[in-house]
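Structural description and commentary
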Amino acid sequence: MTETAYAKINLALHVRRRREDGYHELETLFAFVDQGDRLSVRSASQDTLSTTGEFASGIEDPFGNIVAKALAALPHGQGWAVDLEKQLPVAAGLGGGSADAGAVFRLVEQAHGLPEDWMARASRLGADVPACVRSQACIGTGTGTDLTDVDNDLAGTPVLLVNPRLPLPTGPVFKAWDGIDRGAMPVGPLRTVALDGRNDLEAPAISLCPQIADILHVLREGDPILARMSGSGATCFALYESASDRNEAAAKLARDHGGWWLMAGALR
């Protein structure tokens with residue numbers, strides 16, 4: 001079996017407060033791109049994980065990888081040999097590890113079905129994992145694990161992802177957040193919430209990785225529907241009215257900023 005681990009982007013991310021348990025109270029608008037990592041699975045005598053692809057070297061401990069943890073968290077019969085083709089950069093605000101785990105859950109669902117408590121099992125692996133299992137646009141609250149549906153009027157919208165090829169761990173970005181509650185996320189369909197929302201982690205992320213500001217400046221020069229940082233960075237995204245607009249922007253970026261990582265796709 002094969003499955004795509006769809007790249008996750010936060011069209012909006014409102015940080016409301018620091019919680020006593022060390023986590024943060026969030027309101028976020030999850031969306032997913034139709035591109036990402038690829039997982040292939042075949043039967044084996046025991047569970048194994050191999051990694052290939054451009055960003056395979058970013059996975060330092062394959063046995064402690066979230067893919068291995070997701071596999072261990074679910075009953076799936078005999079052993080599975082999993083090959084992970086790592087096409088998404090690591091520590092990039094795209095939920096790459098969570099997306100990989102979500103793909104494992106969908107593979108197990110295809111083969112055996114999921115246990116009734118799958119959401120709890122997914123939440124224990126990471127705050128983004130339940131959303132990544134579904135890989136459909138939704139609103140996340142709490143730490144991001146409480147999910148509600150949203151009217152997706154942006155499905156099929158062309159999107160361009162850009163990363164400066166610099167990892168940016170989530171912890172330091174949250175730590176650099178100024179603690180100011182700038183208000184609740186707006187309500188409405190996906191497009192309204194995205195355009196009227198914000199990413200409260202953009203400023204602290206830029207303070208740690210100034211190249212994010214450079215990417216946003218270049219993306220906004222192309223007059224997209226929206227350009228914003230995803231998650232805790234350093235990946236930024238731009239939404240476009242047409243695939244030709246996206247492709248033109250991608251060609252210009254590849255020509256003028258060849259060191260940046262690019263991925264073109266469309267919202268699911």
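For the structure given in this document, a descriptive report is provided here. Predicted model only: the values in this text are computed from it and were never measured.

1. A word on the sheet that holds strand β7 (residues 158–163)
With antiparallel pairing, the four strands of this open sheet are ordered in space as β8-β9-β7-β10. Edge positions in the open sheet fall to β8 (226–229) and β10 (261–266), since each of these has one partner strand only. The mean angle between the axes of side-by-side strands here comes to 15°, regardless of whether they run parallel or antiparallel. Examined bridge by bridge, β8 and strand β9 (residues 236–239) share four bridges and lie antiparallel to one another. Its bridge partner lying in β9, Leu-226 is registered against Leu-239.

2. Concerning the pairing of strand β6 (residues 146–149)
Bridge count for strand β5 (residues 138–142) against β6 is four bridges, and the pairing is antiparallel. Residue Gly-140 lies in a different strand from β6, and its bridge partner there is Leu-147.

3. A few points about the environment of Ile-212
Examined against the element boundaries, Ile-212 turns out to sit in helix α8 (residues 211–221). The exposure class assigned to Ile-212 is buried, which follows from its relative accessible area of 0%. Between the C-alpha atom of Ile-212 and that of Arg-228, which follows or precedes it by 16 residues, the distance is 9.6 Å. Ignoring sequence-local partners within four residues, the contact set of Ile-212 consists of Leu-168, Ala-205, Ile-206, Met-229, Ala-234 and Cys-236.

4. Regarding the side chain of Thr-235
Here Thr-235 shows up in the loop between β8 and β9. Relative accessible area serves as the criterion here: at 0%, Thr-235 is assigned to the buried category. For Thr-235, the side chain forms a polar contact with the side chain of Asn-163, separated by 2.9 Å.

5. With respect to the nonpolar core
Formed by 31 residues in total, the largest nonpolar core has its most connected members in Leu-39, Val-67, Trp-80, Val-82, Val-104 and Phe-105. Those elements that place two or more of their residues in this core are β1 (2–18), β2 (24–44), α1 (66–72), β4 (79–85), α2 (96–112), α3 (118–125) and α4 (129–134). Those residues in contact with Val-104, other than ones at most four positions away along the chain, are Leu-39, Val-67, Ala-70 and Leu-71. Residues Leu-88, Ala-194, Ile-225 and Trp-261 belong to the second largest nonpolar core, which totals 28 residues.

6. Regarding the pattern of salt bridges
If you walk through the whole model with that rule in mind, you get 18 salt bridges. A salt bridge links Glu-3 to Arg-106; the shortest N-O distance between them is 2.9 Å. Of this pair, Glu-3 sits in strand β1 while Arg-106 sits in helix α2, placing them 103 residues apart in sequence. You can call Glu-3 buried: its relative accessible area is 11%. Of the charged contacts, one joins Glu-241 and Arg-191 as a salt bridge, the two residues approaching to 3.4 Å between their closest N and O atoms. Note that Glu-241 is positioned in the loop between β9 and α9 (243–256) and Arg-191 in helix α6 (residues 190–196), a separation of 50 residues in sequence.

7. Describing the packing of aromatic side chains
Using the criterion set out here, one finds one aromatic pair in the structure. Taking 6.4 Å as the distance between ring centres and 80° as the angle between the ring planes, the aromatic pair formed by Phe-55 and Trp-261 counts as edge-to-face. A residue pair is termed long-range when its members are at least 10 positions apart, and Phe-55 in the loop between β3 (48–52) and α1 and Trp-261 in strand β10 qualify at 206 residues. Exposure remark for Phe-55: the relative accessible area of 14% places this residue in the buried category. Over the ring of Tyr-6 we find Arg-268; its NZ or CZ atom is 3.8 Å from the centre of that ring.

8. Concerning unusual backbone geometry
It is generally the case that most residues other than glycine have a negative phi and that most peptide bonds are trans. Residues Gly-233 and Ala-234 are joined by a peptide bond in cis, for which omega reads 10°. Note on placement: Ala-234 falls in the loop between β8 and β9. Positive phi, close to 50°, is recorded for Ser-135, a residue that is not glycine. Turning to its location among the elements, Ser-135 is positioned in the loop between α4 and β5. A positive phi angle, near 65°, is found at Arg-165, a position not held by glycine. With respect to the element layout, Arg-165 can be found in the loop between β7 and α5 (170–176).

Cut-offs used in this document
- Residues numbered from 1 in each chain as written.
- Predicted model: local features only at pLDDT ≥ 70, side-chain atom pairs only at ≥ 80, totals over all residues.
- Heavy atoms only, no water.
- Pairing = 2+ DSSP bridges.
- Helix = DSSP H or I, 4+ residues; strand = E, 2+ residues; numbered from the N terminus.
- Axes fitted to C-alpha atoms, helices over the stretch in contact; angles between N-to-C directions.
- Buried < 20%, exposed > 50% of the residue type's maximum accessible area, 1.4 Å probe, protein only.
- Contact = heavy atoms within 4.5 Å.
- Polar contact = N/O pair within 3.5 Å; in protein donor to acceptor, adjacent residues only side chain to side chain.
- Core = buried A, V, L, I, M, F, W, Y, C linked by side-chain atoms within 4.5 Å.
- Salt bridge = Lys/Arg side-chain N within 4 Å of Asp/Glu carboxyl O.
- Phe/Tyr/Trp six-rings, centres within 6.5 Å; stacked < 30°, edge-to-face > 60°.
- Lys NZ or Arg CZ within 6 Å of the ring centre and 35° of its normal.

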